[in-house]
Amino acid sequence: MIEIKHVGFTYANSDSGTLTDISLEIKKGECVLLCGRSGCGKTTVTRLLNGLIPHYYEGTVSGSVAIDKLEVTKAELYETSKIVGSVFQNPRSQFFCVDTTSEIAFGCENMGLPVNTVRERIAQAAQELNVTKLLGRNIFHLSGGEKQKIACASISAMQPEIFVLDEPTSNLDVNAIEDLRNTLLSWKAAGKTIVIAEHRLYWLKDICDRVVYIQDGSIAFDIPMKAFLEFSTEHLAKLGLRSLSMEAFHVEPMEAKGGAELILKDYCFSFDGLQALNIPQLSVPIGGMIAVIGLNGAGKSTFSKCFCGLERKFKGKAVFDGTAYGRREMLKKSYLVMQDVNHQLFCESVMDEIQLGMDEENMNDVDTILKELGLADLSQRHPMSLSGGQKQRVAIASAILANKEFLIFDEPTSGLDFQHMEQTAGLLRSLWGRKTAFIITHDPELIVRCCTHVLKLEQGCVADFYPLFNETKNRFADFFYKNNN
């Protein structure tokens, strides 16, 4: 079905080879997991399969990539797209329409399918991925996780023979991951071929047939999933991989301390008359590391934009030290690392990027942050030439060096492997007591490593707020693990 023979690839304007002598065969109906550290070449392999290399991402290619005797590197993209459907790490990059229903229909319409067939496929895909309630919505009003679900539905509706997914769960909550898991199982039962590049491994245990581990652009091992499941958590960590189990992690959360409070008043906001946020008043500790959790669409990203003063019509106030600060004042005091970091990378090098928001140069801090986030060797690279996980770490470094009072991280470990997740958690943990941070995340491994409190949102309202003391750890665990054990 898929045959990659001795493929090497180097991106244009890159000094190093991204892939080196990759050979891989995937049979029809197989589900193959591509895993490895951030930047190892997983995404590059997916781009080879869907034809984006070399037709969109230019570079030097050697070897051959064939799908059912179609030479992908030589065929036109429209030919490859008939048999390969892709879900990208950043769903925004594959949207063509403004509303969700049209987006799901887009691929089917391009295939020239009859109107009734298109409608049937929209309904089927929406039901499979549990996105019926998202039909007819403005894509720009969706959360990152909701956009990811629409991207999956749009590809599912096309019913290709091969599905290629790059970090599809990076912005999904546990319920959405379960929906996606069931969808992959249905694709597999229908005889579809699935290739998935992923850092979160626990949900793929009973889906994938093989595991291909990529290291420095080469395949280090290709083994059955059954053999991979025998790897210990310690061995997986040495490989830079996350745990295969969602049991409680062996990391004690930080114990919250009493002290000054930040009071949020009238945190209410609506989109086109639809309430997205309704928090009349909430007190949180100054210097705390606050995890903001909730299902996709619960209002987490809206909360972050309002807090930072990015929503012009927002009228809420943040009160601390006896003074109330409105939107414009909070713009100056806050720094947001966005869910899609591509929107906030502007400079020609990583070094210039992380210093962009600094009040004054302090090279000691710069060097320390670069080392702690594993970016020292990438300091002269162009930010847009990096992998998704590497870009995420650059944005985090920029936020910390900007020296703002309040930091908001929207899915900071999206696309990060185990090692870099731990590095990021350690750096955020070091800010405890010095900065007040809101960490919007679906990543429980991050939360137990660096957070002091949990703020749970439901439909824009506060459903729960509690310190992450040891005695409340079970409440936290129940929320994340009830659908995964």
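Please refer to the structure higher up on the page.
Chemist: I'd like a description of the packing of helix 13 (residues 363–372) against helix 14 (residues 388–401), backed by residues and values.
Modeler: The interhelical angle for the contact between helix 13 and helix 14, taken along N-to-C directions, is 150°, at an axis separation of 10 Å. Classified by the interaxial angle, the pair formed by helix 13 and helix 14 is roughly antiparallel. Here the hand of the crossing between helix 13 and helix 14 comes out right-handed. Listed contacts from helix 14 to Asp-365, Val-366 and Ile-369 of helix 13 are Ala-397, Ile-400 and Leu-401. A class-by-class count of the residues in the contact of helix 13 with helix 14 yields five nonpolar, no polar and one charged.

Chemist: Kindly report on the pairing of strand 1 (residues 2–11), identifying the contributing residues and their values.
Modeler: Here strand 1 runs beside strand 4 (residues 59–67); their pairing, made up of eight bridges, is antiparallel. Note that in strand 4 the partner of Ile-2 across the bridge is Ile-67. Relative to strand 2 (residues 19–26), strand 1 is paired through five bridges, and the arrangement is antiparallel. Counterpart to Ile-2 in the pairing with strand 2 is Ile-26.

Chemist: Summarise the side chain of Thr-80; cite the residues concerned and give the values.
Modeler: Within the secondary structure, Thr-80 sits in helix 3 (residues 77–81). Sequence-distant contacts of Thr-80, that is, excluding residues within four places in its chain, are made with Leu-49, Asn-50, Gly-51, Leu-70, Val-72 and Ala-75.

Chemist: Give me the packing of aromatic side chains: which residues, what numbers.
Modeler: Geometrically, a pair of aromatic rings is defined through the distance of the ring centres and the angle of the planes. The full count for this structure, using the stated rule, is 17 aromatic pairs. Relative to Tyr-57, the ring of Tyr-11 has its centre 6.3 Å away and its plane inclined at 85°; by these criteria the two rings are edge-to-face. With a gap of 46 residues between them, Tyr-11 in strand 1 and Tyr-57 in the loop between helix 2 (52–55) and strand 4 connect regions that are remote in the sequence. Connected via pairs of aromatic rings, a cluster forms that spans Tyr-267, Phe-303, Phe-307, Phe-314, Phe-320, Tyr-325, Phe-406 and Phe-438. Against the face of Tyr-57 rests Arg-47, its NZ or CZ located 3.8 Å from the ring centre.

Chemist: Tell me about the nonpolar core, residues and numbers included.
Modeler: Grouped together as the largest cluster of nonpolar side chains are 50 residues, with contacts concentrated most on Leu-33, Leu-184, Trp-203 and Phe-228. Ranked by residue count, the leading element in this core is helix 6 (residues 144–158), at seven residues. With sequence-adjacent residues up to four places away left out, Phe-228 is seen in contact with Leu-201, Val-211, Phe-221, Ile-223, Leu-236, Leu-241 and Leu-244. Core analysis: the next-biggest nonpolar cluster, separate from the first, contains 41 residues, Ala-291, Met-351, Leu-370 and Ile-439 among them.

Chemist: Just give me the short version of the sheet that holds strand 7 (residues 162–166), but keep the residues and values in it.
Modeler: If you walk across this open sheet you meet the six strands as 6-7-8-3-9-10, and the pairing is mixed. The open sheet has two free edges, formed respectively by strand 6 (84–87) and strand 10 (218–224), since each of these has just one partner strand. When the angles between neighbouring strand axes are averaged without regard to direction, this sheet yields 15°. Looking at chain direction, strand 6 and strand 7 are connected through four bridges and run parallel. Its bridge partner being in strand 7, Val-84 is matched across the sheet by Ile-162. Its contacts with the sheet put helix 6 on strand 6 and strand 7, and the angle it makes with strand 6 is roughly 175°.

Chemist: Can you lay out the packing of helix 5 (residues 115–128) against helix 6 for me, pointing to particular residues and giving the numbers?
Modeler: Helix packing geometry: the angle between the two helix axes and the distance between the axes. Helix 6 packs onto helix 5 with a crossing angle of 130° between their chain directions and a minimal axis gap of 9 Å. Classified by the angle their axes make, helix 5 and helix 6 are oblique. Judged by the twist between their axes, the crossing of helix 5 over helix 6 is right-handed. Where helix 5 abuts helix 6, its residues Arg-121, Ala-125 and Glu-128 lie against Ala-153, Ser-156, Ala-157 and Met-158. When its residues are assigned to classes, the contact of helix 5 with helix 6 shows four nonpolar, one polar and two charged.

Chemist: Describe in detail the sheet that holds strand 11 (residues 261–271), supporting the description with residues and values.
Modeler: One open sheet accounts for four strands, arranged 12-11-14-15; its pairing is antiparallel. Each edge of the open sheet is held by one strand with a lone partner, namely strand 12 (274–285) and strand 15 (323–325). Averaged over all adjacent pairs, the angle separating strand axes in this sheet is 10°, with direction ignored. Judged from the three bridges that link them, strand 11 and strand 14 (residues 317–320) form a sheet pairing that is antiparallel. Looking across to strand 14, one finds that Leu-264 is bridged to Ala-318. On top of the sheet, helix 10 (residues 300–308) reaches strand 11 and strand 12; it is set at about 115° to strand 11, its chief contact.

Chemist: Lay out the layout of surface pockets with the relevant residues and their values.
Modeler: Taken as a whole, the second largest pocket spans an internal volume of roughly 610 Å³. Lining of the second largest pocket is provided by 22 residues; of these, Ser-81, Val-84, Phe-96, Ile-155 and Met-158 occupy positions nearest its centre. Breaking the lining of the second largest pocket down by element, the ones donating at least two residues are helix 3, strand 6, helix 4 (100–110) and helix 6. A per-class count over the lining of the second largest pocket returns 10 nonpolar, 10 polar and two charged.

Chemist: Could you give an account of the pattern of salt bridges, with specific residues and numbers?
Modeler: For the coordinates displayed, the defined rule picks out 13 salt bridges. Between Arg-181 and Glu-178 there is a salt bridge, with its nearest N and O atoms 3.4 Å apart. Here Arg-181 and its partner Glu-178 are both found in helix 7 (residues 174–189), three residues apart, which amounts to about one turn of the helix. On the basis of relative accessibility, which here comes to 25%, the residue Glu-178 falls in the partly exposed class. Ionic contacts of the salt-bridge type, sharing partners, join the residues Lys-28, Glu-161 and Lys-192 into one network.

Conventions used here
Residues numbered from 1 in each chain as written. Predicted model: local features only at pLDDT ≥ 70, side-chain atom pairs only at ≥ 80, totals over all residues. Heavy atoms only, no water. Axes fitted to C-alpha atoms, helices over the stretch in contact; angles between N-to-C directions. Helix = DSSP H or I, 4+ residues; strand = E, 2+ residues; numbered from the N terminus. Parallel < 35°, antiparallel > 145°, perpendicular 65-115°, else oblique. Left-handed = near helix turned anticlockwise from the far one by under 90°. Contact = heavy atoms within 4.5 Å. Nonpolar A, V, L, I, M, F, W, Y, C, P; charged D, E, K, R; others polar. Pairing = 2+ DSSP bridges. Phe/Tyr/Trp six-rings, centres within 6.5 Å; stacked < 30°, edge-to-face > 60°. Lys NZ or Arg CZ within 6 Å of the ring centre and 35° of its normal. Core = buried A, V, L, I, M, F, W, Y, C linked by side-chain atoms within 4.5 Å. Buried < 20%, exposed > 50% of the residue type's maximum accessible area, 1.4 Å probe, protein only. 1 Å grid on protein atoms, 1.4 Å probe; cavity = no way out; pocket = protein on both sides within 12 Å on 5 of 7 lines; lining within 4 Å. Points joined across faces, edges and corners; volume = space filled by probe spheres on them. Salt bridge = Lys/Arg side-chain N within 4 Å of Asp/Glu carboxyl O.

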